[in-house]
Structure formats: structure tokens, C-alpha cells
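# Close look at the chain arrangement
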Amino acid sequence: MDRVTYRQQTDTNNILRLREVLQTLPVFARDYFRAIDATTTTKTRISYAYDIRLFFQFLIQQNPSYKGKNPWDFTIDVLDQVQALDIEEYMEYLKVYTDDEESLVTNGERGLKRKISALRSFYAYYYRHEMIKTNPTVLIDMPKIHDQAIIRLDTDEVAMLLDYIEHCGDQLTGQKKVYYEKTKERDLALITLLLGTGIRVSECVGLDVEDIDFKNNAVKVVRKGGNEMFVYFGGEVEAALKKYLPVRESITPVAGHEHALFYSTQRKRLGVQAVENMVKKYAKEITTTKKITPHKLRSTYGTTLYQETGDIYLVADVLGHKDVNTTKKHYAAIDDARRRKAASAVKLREL
């Protein structure tokens, strides 16, 4: 399927899933999701729906006042009955709970914050429209997010990764070697593209072959929120893509996938999970101490770009961050190299 159809199909699937989830929520919840339709993506709305459903499941399972009720039995006055203490108990519950399939689920700081943010947005809508009198979600402290070390590949590891993809076939035999030879140019082009542009994995798999502009060495991507943007690449990315394209041309794609830039071995548009598995497979041969994902390749690009230019606004623009503070939060930590210089810059005694 072409890129527009791919995006439309993804949105359609999310909308259908959202309608299914809404059937398990109180009827009044539909007003909220209808209201945020114009300002959020379908992916955001389905995530919020799952988070809101979890809150009502918590009330039914853990709060004696609502024991045995069904979510669709709730009326809007239930939101006024919930107190700040109930929200705090919900936050504690979110740390460890079992899902519908009796599997254990845990949430770290970011998972907790996202779920409470969804609940805050839910409450704020009804409070703002004077449909409820209280908003207990604003009375509790949001989970604190502690800074984490940026996981990225060092310069030598980037070279090792690309060299490994290019030459690891020498170590393989039989079917593994056949599979490697079949996917080598695709894998090398895709990972070189991720490392050389910093685009998101979702943007990468959404690319059509027509999105590549070799005249300007640019690729047209659809950013979060649906905005289109040209991201420019260098000679190494150009060479890898040009080496892959003849291989791609030899593939007869499944109907509806003719425009996809990267094909799976099933001759369909490559998916996010497949790219994540690909990166994991190759990266584990290079480093055992770092868990490398496509997002970590994006971090590698952002870090390198910032080190080379020192321009955080340029990094934010190229990575597609709407708020430069998001970029600062992720990449300001690389100034650690400068801080280390301070250790030897100040002399306490002349030797």
C-alpha cells in the first residue's frame, strides 16, 4: 500500500479499536474522546482509552464502594465521588497489577506519569465544562521523572555495527547465509538511514520509494501529528540506499504494497516490530552492555549532531521535536564530556 493509504489504514484500525474500547467505558466517556478528536492522533486516543479503562477497572476491583459494578453502569457523578486519596491509591496500584489475561504488569516513572496525565486530561474536560464540581487529580503530586543515562552507540560501535552487517555473512552457512544474502542490502540501507538521519522507526517504515530525493539527498517523512518534512542525508546514506534499490526492484510486492521503500521477506511493507528485531539482532553482536533499539540509534544521531554543531535548536528541528526542552532533556547530558575537562582545568597546587 502507498504511504497515504498506509497512514489511513493505521488510523482506521485505531478508530475501530477505540470504538471497541469505548463499549467497555461509561457512556459519558464518549463526550471526552469526541472532544479531543481534533487535537490528538488516533494513536494517542487509543492509548488514553486504555488508560481510562484501567482506572475504572481499578475502582471496580479495589474500591468497596464500586465492587461488582460494570463500567457502563457509571454515571458522571462518579467522578465527583472519587477523592484525592482514591487517586493516590490508584497510583500505588499502577506500580504492579494483573491485566485481563492474569499477566503481571509493572509501570515505572514514565508509565505512571502517562496514565495519571491521561486521567488528569479526562477530569479536566468535565470540570472545564462544569459537568463535575471537583477535580481531585490536581490535588495529587505527579510522579517524579528521574533523569536516566542516554544509551547510544559510540563512534567506534557505529562503525563496528555497519561493518558487521556488511560482512557477517562470511561466518554463516546454509539457510542462515541464504537469508542474510537476501536481506543484507535492505538491512544495511535501513540501519544506515536510521543512523544517518535520526528519523523515528515509525517514520522509516512509512516511507515510500517516491519519498527519496537523490537530487537534494533528502527523504520526505511524516512527523508526529501528520506534518511532512524533508530530512537530509549524507553520502554514506546515499550509497547504501542506491545499493539497495536494485535489490528492491527485483522484488514483486504483494498487491497494495507496491510503493513501500522497505519490504519484508513476505514482500509486504516492513513493520515496526520487524525493524526492532533487526536492530536487536545485529546490535547484540556489537555490545552486550547496551540494549540498542531503533530509538537508541536516533539518540546516537542526535548526540553526534549536537557534539558536532553545539546547536540544540538544530538538533530539535532535525529530530522533529516541537519543544526544544524535549531535546535539552535528552541531549544536554552529553555536556558531561565538557564537565570532565573541569577536573583537570583547576590546579590546587603547583607541582
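Residues numbered from 1 in each chain as written. Predicted model: local features only at pLDDT ≥ 70, side-chain atom pairs only at ≥ 80, totals over all residues. Heavy atoms only, no water.

## Regarding the packing of helix H8 (residues 174-197) against helix H10 (residues 235-249)
Two elements in contact, H8 and H10, have axes separated by 8 Å at closest approach and are oriented at 150°. With respect to their mutual orientation, H8 and H10 come out roughly antiparallel. The way H8 lies across H10 gives a crossing that is left-handed. Two secondary-structure elements touch here, H8 through Glu 185, Arg 186, Leu 188, Ala 189, Thr 192, Leu 193 and Gly 196 and H10 through Glu 236, Val 237, Ala 240, Leu 241, Lys 243, Tyr 244 and Val 247. (Axes fitted to C-alpha atoms, helices over the stretch in contact; angles between N-to-C directions. Helix = DSSP H or I, 4+ residues; strand = E, 2+ residues; numbered from the N terminus. Parallel < 35°, antiparallel > 145°, perpendicular 65-115°, else oblique. Left-handed = near helix turned anticlockwise from the far one by under 90°. Contact = heavy atoms within 4.5 Å.)

## As for H8
Across its 24 residues, H8 extends 34 Å between first and last C-alpha, which sits within 8% of the 34 Å expected from 1.5 Å per residue. For H8, the principal kink sits at Thr 183 and spans about 50°. One or two steps after H8, the chain reaches Gly 198, where phi turns positive at roughly 75°. (Expected span 1.5 Å × (residues − 1). Bend = angle between axes of the 7 residues up to and from the residue.)

## Considering the pairing of strand S5 (residues 228-232)
Examined bridge by bridge, strand S4 (residues 218-222) and S5 share five bridges and lie antiparallel to one another. By the bridge assignment, Val 221 is partnered in S5 with Met 229. The antiparallel pairing of S4 with S5 creates a hairpin that spans five residues between the two strands, and Gly 225 there sits at a positive phi of about 90°. (Pairing = 2+ DSSP bridges.)

## Brief notes about unusual backbone geometry
Positive phi outside glycine occurs at Glu 130, with the angle close to 55°. Checked against the element boundaries, Glu 130 lands in the loop between helix H6 (109-128) and helix H7 (155-167).

## Focus: the side chain of Lys 115
For Lys 115, the location among the structural elements is in helix H6. Note on Lys 115: relative accessible area 8%, which makes it buried. Not counting residues within four places of it along the chain, the set of residues in contact with Lys 115 comprises Asp 51, Leu 54, Leu 94, Tyr 97 and Asn 107. (Buried < 20%, exposed > 50% of the residue type's maximum accessible area, 1.4 Å probe, protein only.)

## Focus on the environment of Val 205
Inspection of the secondary structure puts Val 205 in helix H9 (residues 201-205). On the basis of relative accessibility, which here comes to 3%, the residue Val 205 falls in the buried class. Along the backbone, Val 205 and Leu 261 are 56 residues apart, and their C-alpha atoms lie at a distance of 7.7 Å.

## Brief notes about the pattern of salt bridges
As enumerated under the stated definition, the model contains 13 salt bridges in all. Asp 37 is paired through a salt bridge with Arg 45; the nearest N and O atoms lie 3.3 Å apart. Here Asp 37 falls in the partly exposed class, since its relative accessible area comes to 43%. Notably, a salt bridge pairs Glu 92 with Lys 95, separated by 3.4 Å at the nearest N-O pair. In this pair, Glu 92 and Lys 95 both sit in helix H5 (residues 84-95), three residues apart, roughly one turn of the helix. The exposure class assigned to Lys 95 is partly exposed, which follows from its relative accessible area of 39%. One network of salt bridges, in which partners are shared, links Asp 51, Arg 114 and Lys 115. (Salt bridge = Lys/Arg side-chain N within 4 Å of Asp/Glu carboxyl O.)

## A short note on the sheet that holds S4
Taken together, the three strands give an open sheet; going across it, the order is S3-S4-S5, and neighbouring strands pair in antiparallel fashion. If you trace the sheet from one side to the other, it starts and ends with strand S3 (212-213) and S5, each paired once. Note that S3 and S4 share two bridges and pair antiparallel. In the sheet register, Asp 213 faces S4, and the bridge partner there is Ala 218.

## Some details on the confidence of the model for the protein
The share of residues in the protein with pLDDT of 70 or more is 92%, and the mean pLDDT across the chain is 89. Within the protein, no element has a lower average pLDDT than helix H15 (residues 336-345), which sits at 60, and none a higher one than helix H2 (residues 29-35), at 97. (pLDDT = per-residue confidence, 0-100.)

## Points about the environment of Pro 253
Following the sequence through the fold, Pro 253 ends up in the loop between H10 and helix H11 (272-283). Overall, Pro 253 belongs to the partly exposed group, its relative accessible area being 21%. Remark: the alpha-carbon pair of Pro 253 and Gln 9, spanning 244 residues in sequence, is separated by 18 Å. Residues within four places of Pro 253 in sequence aside, it is in contact with Glu 258, Tyr 263 and Arg 267.

## Points about the side chain of Asp 187
Examined against the element boundaries, Asp 187 turns out to sit in helix H8. Those residues in contact with Asp 187 that lie beyond four places of it in its chain are Ile 165, Met 278, Lys 281 and Tyr 282.

## A word on H10
An α-helical segment advances 3.6 residues per turn. Residues three or four places apart therefore align on the same side. Over its 15 residues, H10 extends 21 Å from the first C-alpha to the last, a length consistent with the 21 Å expected when each residue adds 1.5 Å. What H10 keeps buried is the set Val 237, Ala 240, Leu 241, Tyr 244, Leu 245 and Arg 248. The inward-facing, buried residues of H10 contact H8 and S3.

## Some points on the environment of Thr 155
Mapped onto the fold, Thr 155 is located in helix H7. Since its relative accessible area comes to 69%, Thr 155 is described here as exposed. Separated by 145 residues in the primary sequence, Thr 155 and Thr 300 place their C-alpha atoms 8.8 Å from one another.

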